[in-house]
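The residues making up each chain are set out below.
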Amino acid sequence: MKKHFLPTLLFVSSLFLFNACEDDIEIITDEATNITNYTANVTCRVKGDVSLDDSECGVLYSPNKGDVMSGAGFEAHATSKDGNTFSSALYFTTTEDIAAPGTKYFYCGYVLYHNNYYYGNVRSLRTAAK
């Protein structure tokens with residue numbers, strides 16, 4: 001009986017350690033504000049045991065929802081961090097020109113913490129009409 005107790009105890013203990021902390025990180029992507037033809041601002045909140053000072057964070061955005069959902073798209077690094085919130089400025093330009101008025105963009109917040117990416121809920125916005 002003693003032979004099986006220690007391995008079982010180690011296995012059960014490792015399950016508790018594996019499921020703790022970082023799996024509980026949640027990114028909440030708020031509504032975009034100050035939307036123009038050229039830019040928008042997005043603020044995100046982080047729930048969980050994570051230090052934004054030790055993290056890279058920002059917002060992914062693209063006219064293609066699939067790009068954002070797969071972790072691709074344009075990156076807007078955080079321009080400010082305060083406690084458990086961060087903000088980013090999105091710039092709607094392409095290599096050709098500024099995005100057309102009324103272009104739909106999808107976006108979500110992200111945090112890179114201890115070599116793991118965490119993504120928030122995906123939202124959408126439309127650039128302002130001229």
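An account of the accompanying structure is given in this report. Keep in mind that what you see is a predicted model, and the values were worked out from it rather than measured. (Residues numbered from 1 in each chain as written. Predicted model: local features only at pLDDT ≥ 70, side-chain atom pairs only at ≥ 80, totals over all residues. Heavy atoms only, no water.)

1. Some words on the nonpolar core
Convention followed: Only buried residues count toward a nonpolar core. Its members are Ala, Val, Leu, Ile, Met, Phe, Trp, Tyr and Cys residues joined through side-chain atoms within 4.5 Å. Accessibility here uses a 1.4 Å probe with only protein chains present; expressed as a share of the type maximum, an area under 20% marks a residue as buried, one over 50% as exposed, and anything in between as partly exposed. Put simply, DSSP H or I for four residues or longer makes a helix, DSSP E for two residues or longer makes a strand, and each gets a number counted from the N terminus.
Counting 22 residues, the largest nonpolar core has Val46, Leu90, Tyr107, Val111 and Leu125 as its most contacted members. Among the elements of the structure, β2 (39-47), β3 (56-62), β6 (85-91) and β7 (104-113) are those that each provide at least two residues to this core.

2. Some thoughts on the environment of Ser88
Heads up, the rule is: By the convention used here, residues are in contact when the closest approach between their heavy atoms is within 4.5 Å. The term polar contact refers here to a pair of N or O atoms within 3.5 Å; inside protein, the definition further demands a hydrogen-donor-capable atom paired with an acceptor-capable atom, and it admits residues adjacent in sequence only when both atoms are side-chain atoms.
Secondary-structure assignment places Ser88 in strand β6. Along the backbone, Ser88 and Ala78 are 10 residues apart, and their C-alpha atoms lie at a distance of 4.5 Å. Beyond its immediate sequence surroundings of up to four residues, Ser88 is in contact with Ala40, Asn41, Val42, Gly58, Val59, Ala76, His77, Ala78 and Thr79. Engagement of the side chain of Ser88 in a polar contact is seen with the backbone oxygen of Ala76, the distance being 3.0 Å.

3. Points about the pairing of strand β8 (residues 116-119)
Under the convention used in this document: Strands qualify as paired when DSSP identifies two bridges or more between them.
Pairing of β7 with β8, which is carried by four bridges, proceeds in the antiparallel orientation. Looking at β8, one finds that Val111 is bridged to Tyr118. Hairpin connection of β7 to β8: two residues between the antiparallel strands, including His114 at a positive phi of 50°.

4. What about the pattern of salt bridges?
Note the cut-off: For this document, the term salt bridge refers to a Lys or Arg side-chain nitrogen within 4 Å of an Asp or Glu carboxyl oxygen.
According to the stated counting rule, one finds two salt bridges in the structure shown. Salt-bridge contacts for Arg45 lead to Asp30; the nearest nitrogen and oxygen are separated by 3.2 Å. Highlighted residues: Arg45 in strand β2 and Asp30 in the loop between β1 (26-29) and β2, separated in sequence by 15 residues. The partly exposed category is assigned to Arg45, whose relative accessible area is 34%. A salt bridge links Arg123 to Glu31; the shortest N-O distance between them is 2.3 Å.

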